[in-house]
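# Overview (structure and organization)
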Amino acid sequence: MPDGPNNRAMNRPAPLLAGTALIIFIIDQITKVWIVWYLDLASRLRIDVLPPFLNLRMAWNEGINFGLPLGGPAFLIALAVAISAGLTWWVLRRGGVVLAAGAGLVVGGALGNALDRALYGAVADFINMSCCGINNPFAFNVADTAIFVGAVVIAFKA
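Okay, so let's go over this structure. What you see is a predicted model, and the numbers here were worked out from it, not measured in a lab.

### Brief notes about the state of the cysteines
Scanning the entire structure with this criterion turns up one disulfide. Each sulfur of the disulfide joining Cys131 and Cys132 lies 2.5 Å from the other. Taking the relative accessible area as the measure of exposure, Cys131 reaches 34% and is therefore partly exposed. Exposure remark for Cys132: the relative accessible area of 68% places this residue in the exposed category.

### Let's talk about the pairing of strand β3 (residues 123-128)
Of all six residues in β3, six are buried; the element is thus mostly enclosed. Here five bridges tie strand β2 (residues 54-61) to β3, and the two strands are oriented antiparallel to one another. For Trp60, the partnering residue across the bridge sits in β3 and is Ala124.

### Considerations on helix α4 (residues 73-94)
If you check α4, its first and last C-alpha atoms are 31 Å apart, about what 22 residues at 1.5 Å a residue would give, namely 32 Å. Where α4 is concerned, the buried positions are Leu76, Ala80, Ser84, Leu87 and Val91. In a view along the axis of α4, the buried residues occupy a sector of 75°, so they form one face of it. In α4, those exposed residues whose orientation departs by more than 90 degrees from the buried face are Ala74, Trp89 and Arg93. Packed against the buried residues of α4 are α2 (13-38), α5 (97-120) and α6 (142-157). Where α4 ends, the next residue or the one after it, Gly95, has phi of about 80°, a positive value.

### Some thoughts on the sheet that holds strand β1 (residues 46-50)
In a beta sheet, neighbouring strands are held together by backbone hydrogen bonds and run either parallel or antiparallel to one another. Pairing in this open sheet of three strands is antiparallel, and the strands run β1-β2-β3 from one edge to the other. In this open sheet, the two strands that pair with only one neighbour each are β1 and β3. Put simply, the sheet's adjacent strands are angled 30° from each other on average, direction ignored. Where α2 meets the sheet, its contacts fall on β2 and β3, and the angle it forms with β3 comes to roughly 80°. The strands touched by α5 within the sheet are β2 and β3, with β3 carrying the most contacts at an inclination of about 125°.

What counts and what doesn't
Residues numbered from 1 in each chain as written. Predicted model: local features only at pLDDT ≥ 70, side-chain atom pairs only at ≥ 80, totals over all residues. Heavy atoms only, no water. Disulfide = S-S within 2.5 Å. Buried < 20%, exposed > 50% of the residue type's maximum accessible area, 1.4 Å probe, protein only. Helix = DSSP H or I, 4+ residues; strand = E, 2+ residues; numbered from the N terminus. Pairing = 2+ DSSP bridges. Expected span 1.5 Å × (residues − 1). Arc of directions from axis to C-beta. Contact = heavy atoms within 4.5 Å. Axes fitted to C-alpha atoms, helices over the stretch in contact; angles between N-to-C directions.

Listed below in structure tokens is the structure:
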């Protein structure tokens, strides 16, 4: 295939998207193993770090955001893979390093959470932040943060 302008635009972001996704996936899985299993949050259920601002609270999320139900683990794994594939295709067709980085954050986070669902039937959430007299009952993880940041980047850049 000739190395025309369209071909260069499509190929340049691919390594960035893949690399970002891989880094997020690895960081997400390392933090989950370290906090949930090594620090034994799965049994302890609560570790105060800098209360009330930063705490570790074990939460097994069987649904989508904030635990809202939507199908079982197999459906949610398939959905994460399909969205990741569709987003990757769209970004690589569109081009651009900022979009590729944002998509890499989303894909890495989605696949990190999908692996949790495959291994445990639920996503391991553990970061809890509260402030100013408001007690936040929800927990999240590195993958969730990456998905959120990546979605914001894509929304502003698209």
